[in-house]
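Structural description and commentary
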Amino acid sequence: MSDSQFPATGRAWHLVRRPAGWPVPEDFALREVPLAAPAEGSVLVRNRYFSVDPYMRGRMNDVKSYVAPYELDRPMDGGAVGEVVASAAEGFEVGDTVLHPLGWRDYAAVPARHVTKVDTSLAPLSAYLGVLGMTGLTAYAGLLEVASFRSGDTVFVSGAAGAVGSQVGQIARLKGAKRVIGSAGSAEKVRLLTEEYGFDAAFNYKDGPVYDQLKKAAPEGIDVYFDNVGGEHLEAAISAFNVHGRAAICGMISVYNATEPDPAPRNLTQVIGKRLRLQGLLVTDHQDLQPQFVQEVSAWIRSGELVFKESTYEGVEKGLDAFLGMLRGENSGKTLVALPA
Ligand code: NAP
């Protein structure tokens, strides 16, 4: 057992009521929780960053899905990185920097089998939640494996200024895409896409029908669509697809807070004539790509060929603002909550 000092209590976000439509502050509570020395085989981690992600909205509903719903009146969880402050687990020492699944709190007692050491000489600690973490692997595996990207493809990415989307567009460019087009929800994000991430064209989906804007940006059609949004975006992509087009269906954030089923896409019959492939993607199926992904992406980061942004909220009490802000599109790149050292 090794330990340094830690306080008697920590704070953790609880879900106290299941949201109906858009989540509201009354659905959550930041609770004080007791801290103790870790049990045999566990470590106590002082979190330095935790991640807020769109999939967490799905976990707030009491429905069967690929990941269990959050329990009411229990701490929520999600990706986090931090420093071990007490260890009762072989192989972990105080001061180790680690990645683990117990975010939404400032201190976490985690069984060692769920803890991975991370190398902060390769990249800053926060990067292991974004560009070198779960969202980065989603972009990498979704584009290269699920959408079977090939050099010379024209690629369309929705949610393109977000954590996953900004990386998809850059990987496509680095792997030899003919043309990369992105959509996002503000003029500033559109500027970022073309001026900083190297997209060939971008548009604000709030400026007019997605199909009209996509047609203008991709006059020769698209070969790959990376879907983060669903709804009207997916319908537009189906209409813009060339024969043998491939879509990685990664997320449908436009419907996560919907109370009625979405009517789009209304043009699915085109799947037949164009011989399209629309394939769902779960990042957890692609852990085998992790070493190759980290090696390739960290080299691009070091060479400056791939850039990334983080929207960081300071303090555990800002956890909910960070989550709601991300759902509203106030973020650029990966949304994180930083906890003071
Ligand atoms: P993100 O893109 O960094 O943040 C969410 C973004 O969604 C917001 O910034 C906002 O940007 C956009 N948005 C919100 N409402 C929208 C709407 N009605 N229409 C269009 N855009 C909307 O989040 P992320 O972590 O990178 O995740 C992106 C997508 O990937 C999500 O759908 C998520 O569920 C999915 N995902 C899936 C997997 C998997 O394994 N399948 C893993 C990770 C993420 P704007 O300002 O542009 O609107």
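Residues numbered from 1 in each chain as written. Predicted model: local features only at pLDDT ≥ 70, side-chain atom pairs only at ≥ 80, totals over all residues. Heavy atoms only, no water.

What follows covers the overall build of the chain. The secondary structure content of the chain amounts to nine helices and 16 strands. Over its C-alpha trace the chain gives a radius of gyration of 21 Å, about what one expects of a compact globule, namely 20 Å for 341 residues. For the chain, the spread of C-alpha atoms along the three principal axes comes to 65 × 45 × 35 Å. Taking contacts inside the chain between residues at least 6 apart in sequence as the whole, the part at least 24 apart equals 68%. Of the roughly 15000 Å² of accessible surface on the chain, a fraction of 51% belongs to carbon and sulfur atoms. (Helix = DSSP H or I, 4+ residues; strand = E, 2+ residues; numbered from the N terminus. Rg over C-alpha atoms; globule rule 2.2 N^0.38 Å. Contact = heavy atoms within 4.5 Å. Areas by Shrake-Rupley, 256 points an atom, 1.4 Å probe, with all protein chains shown as cover.)

Glancing now at the site of the ligand. If you check the shell around the ligand, you find 27 residues, and the closest are Val 164, Lys 189, Tyr 205, Leu 281 and Asn 331. Measuring from an oxygen atom of the ligand, one finds a backbone N or O atom of Ala 163 at 2.9 Å. A distance of 2.6 Å separates an oxygen atom of the ligand from a polar side-chain atom of Lys 189. Against a free-state accessible area of 910 Å², the protein chains account for coverage of 90% of the ligand. Listing elements by their share of the shell around the ligand, those giving two or more residues are α2 (134–146), α3 (163–174) and α9 (319–328). Broken down by element, the shell around the ligand gets its largest block of residues, three residues, from α2. Counting residues domain by domain, the shell around the ligand receives three or more from each of domain 1 (3–130 + 309–338) and domain 2 (134–284). (Near = heavy atom within 4 Å. Polar contact = N/O pair within 3.5 Å; in protein donor to acceptor, adjacent residues only side chain to side chain. Domains from an automatic or database assignment.)

This part takes up the sheet that holds strand β12 (residues 222–227). Remark on secondary structure: sheet strands pair via backbone hydrogen bonds, oriented parallel or antiparallel. Pairing is parallel in the open sheet, where six strands are placed in the order β11-β10-β9-β12-β13-β14. This sheet does not close on itself; its edge strands, each paired only once, are β11 (201–204) and β14 (277–280). In this sheet, neighbouring strand axes are inclined to one another by 15 degrees on average, regardless of whether the strands run parallel or antiparallel. Helix-sheet contacts for α3 involve β9 (154–157), β10 (179–184) and β12, and the interaxial angle to β9 is about 170 degrees. (Pairing = 2+ DSSP bridges. Axes fitted to C-alpha atoms, helices over the stretch in contact; angles between N-to-C directions.)

On to the environment of Val 33, then. By the secondary structure assignment, Val 33 is in strand β3 (residues 28–34). Sequence separation of Val 33 and His 233 is 200 residues, and the distance between their C-alpha atoms is 43 Å. Sequence-distant contacts of Val 33, that is, excluding residues within four places in its chain, are made with Ala 8, Thr 9, Gly 10, Arg 11, Ala 12 and His 14.

Looking now at α2. Three- or four-residue spacings in an α-helix give side chains the same orientation, since the helix completes a turn every 3.6 residues. Given a rise of 1.5 Å per residue, 13 residues ought to cover 18 Å, yet the end C-alpha atoms of α2 are separated by just 16 Å, more than 12% below that figure. Burial analysis of α2 places ten of its 13 residues in the buried class, which makes it a mostly covered element. Of all the residues in α2, the buried ones are Thr 135, Gly 136, Leu 137, Thr 138, Ala 139, Tyr 140, Ala 141, Gly 142, Leu 143 and Val 146. The positive-phi residue at the C-terminal boundary of α2 is Ser 148, with phi of around 45 degrees. (Expected span 1.5 Å × (residues − 1). Buried < 20%, exposed > 50% of the residue type's maximum accessible area, 1.4 Å probe, protein only.)

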